[in-house]
Structures are given as structure tokens and as C-alpha cells.
Amino acid sequence: MKNFILGLAVLSTVMMKAQTQIIAHRGYFQAQPPTTENSLQSLENAQKLKIYGSEFDVRMTKDGVLVINHDEHHGKMEISEATFKELEALKLANGENFPTLKDYLKQGKKDKSLKLIVEIKPAKTPEIEKEITQKTIKMIKDMKLESQSEFISFSLNICKEIKKLAPAFKVQYLNGELSPEQIKKEGLDGMDYHYSVFQKNPTWIADAKALGLITNSWTVNDVAVYDELKKQGIGFVTTNIPDQLKNK
């Protein structure tokens, strides 16, 4: 009887691990009350949800400061062509200060159970991409957040640079054009593609899993799409509605 109960516990753990995990896209900003994407409040909201992780976007200012912002521009200022002092003069829509990566990581460290999904945005040259990647990894290591951090990027160059500098980090590619076999060949850990890519390539989730790759999909804001991906056995989904999907 004891062995039977132990077996059930092991099976339950395996099944839990096999369930599709939820990642908040740019934090949980469509909360009540709503807040601004990529804000510290959106990250705190995600922490309170008790989901797998929260994704955010890293860029670098003209004077080399790593900041959190999805778009190339903050207000009318192009981030890569403006100093941090210029950028911080304009607050976020929710009244917060323009966040640095250091600010974001400090908030992230308050809840070790939430993974920090670090998206390093493509830059204008490979040299700048290398600098951003090096600085991001150094800051994460300095703050002892290695076990809590995972990486994604639309730049294959950035993905490969991360693996070169810190092979132990999990790195997934976002752009969508590489097959699971190509992802494996590039030495990356997984694919994090728009759900339409998986709809067009219905065997890719199974193919990726057979190769031991991580499977993720963005930005899944439709319950029917989520159900479809879950049936295919996808490992993770990134969503603006993490509160609605987390218990499905």
C-alpha cells in the first residue's frame, strides 16, 4: 500500500511537470486595476499570480544603461540614441519611473519562485548586440539570479552569444523560421514561436519534444488557441491573460 501511494505521488509530480506552464507577457499588466506593460507593478502582479514566469524586454541607451522597454522608442525618444537621463525624464503611463534592468531584477529577486524570462531585443549592429548580452549576463550573475533567469531573443546572433558566454542558461529563439532540427543544430535549448507558426507546422511541437527542446508560444490570448496548443503538448505559453489560463 505504501508503494502504491508513493507511485501515485510520483505520477502526480510527473503529470504536474507535464502540464503547460504560464508566462506573463511583459508582466501581468491587464490586472485589476490595470497597469503598464514592462512596469515594476506588472512584474509584482505576476509574482502574486504564482505562475511559472514573467517576460520582459531589455534594451540599451546611448550611454550604455540597460533598460526595460518593448518598443524602440520611449515617448518620442529612440532609446538607443538617447541617454538614460533624457529617458528617465519621461515616466511610464502608470506614473512609475522609467525602469532599468537593475530595478527589474531587484523586484524579481523578491520572489524566487517566478522565473525571469529575459528578452534581449535585437540591436543595430552585432557589436552592440554583443555588448548588451555581455552586460545583461554580468548583471544577472552579479545579482546571483542565474537559477531564476531564462533567455529569449528574435536575434539568432544574441541567442548564440548567450550560449557562448553562459552555456548553462536556457535560451529560446523567437523568430519562427527555424525547424526543431535547425534549433538543435544551432545549439539552442528551444523554440518560442508565435502560435500561428505551430498552426502552420503541426508536427513541430512533437518534433521539438522528441529532440529534448523547450516549446513555448506567444502571445496566446485566446482560450481556444491555448487549448489547441495544450492538446499538442506544448510546454509553455506566453500570454497577456495569465490569470485566465493558469487554472485551465
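Basis of the calculations
The residue numbering used here restarts from 1 in each chain and proceeds along that chain's sequence as written. Selection of residues for local features in this predicted model requires a pLDDT of at least 70, selection of side-chain atom pairs for listing and counting requires 80 or more, and totals for whole chains, interfaces and linings are taken over all residues. Values shown for side chains rest on all heavy atoms present in the structure; no hydrogens or waters enter the calculation. Helix and strand definitions follow DSSP, with helices as H or I runs of at least four residues and strands as E runs of at least two, each counted in order from the N terminus. Relative accessibility thresholds used throughout: buried, under 20% of the residue-type maximum; exposed, over 50%; partly exposed, between the two (1.4 Å probe, protein chains only). Note on aromatic pairs: the rings of Phe, Tyr and Trp (six-membered ring only in Trp) are paired at centre separations within 6.5 Å, and the planes decide the class, stacked below 30 degrees, edge-to-face beyond 60, tilted for the rest. Two strands qualify as a pair provided DSSP detects at least 2 bridges between them.

Under an unreviewed UniProt entry, the name given to the protein chain is Glycerophosphoryl diester phosphodiesterase, and the organism recorded is Chryseobacterium vietnamense.

Describe unusual backbone geometry, and please don't skip the residues or the numbers.
Across the junction of glutamine 32 and proline 33, the peptide omega takes the value 0 degrees, indicating a cis bond. Within the element layout of this structure, proline 33 appears in the loop between β1 (21–24) and α2 (40–49). Of note in the backbone geometry, lysine 50 takes a positive phi value of approximately 60 degrees without being a glycine. By the element assignment, lysine 50 lies in the loop between α2 and β2 (53–60). With a relative accessible area of 59%, lysine 50 lands in the exposed category. Residue lysine 144 is not a glycine yet carries a positive backbone phi of 55 degrees. You can see lysine 144 is positioned in the loop between α5 (126–142) and β7 (149–153). On the basis of relative accessibility, which here comes to 65%, the residue lysine 144 falls in the exposed class.

Describe the packing of aromatic side chains, with residues and values.
All told, the structure shown has six aromatic pairs when counted by the stated rule. Where phenylalanine 56 meets tyrosine 104, the ring centres are 4.6 Å apart and the plane angle is 45 degrees; that geometry is what we call tilted. Remark: tyrosine 104 occurs in helix α4 (residues 101–108) and phenylalanine 56 occurs in strand β2; sequence separation between them is 48 residues. For phenylalanine 56, a relative accessible area of 0% translates into the label buried. The exposure class assigned to tyrosine 104 is buried, which follows from its relative accessible area of 0%.

I'd like a rundown of the pairing of β2, residues and numbers included.
The buried fraction of β2 amounts to eight of the eight residues, a majority that puts the element mostly inside the structure. Of the pairings in the sheet, the one linking β2 to strand β6 (residues 115–120) comprises six bridges and is parallel in character. Counted as the bridge partner of valine 58 is isoleucine 120 from β6. Bridging between β2 and strand β3 (residues 66–68) involves three bridges; their strand directions are antiparallel. Within β3, the residue paired with arginine 59 across the bridge is valine 67.

Give a description of the pairing of strand β11 (residues 236–239) that names residues and reports values.
Side chains Phe236 and Thr238 project from β11 onto one buried face, and the interleaved Val237 and Thr239 project onto a second face that is buried too. Here four bridges tie β1 to β11, and the two strands are oriented parallel to one another. The partner of alanine 24 across the bridge, within β11, is threonine 239. Summarising the sheet, strand β10 (residues 214–218) and β11 pair through two bridges and their orientation is parallel. The residue of β11 that forms the bridge with asparagine 216 is phenylalanine 236.

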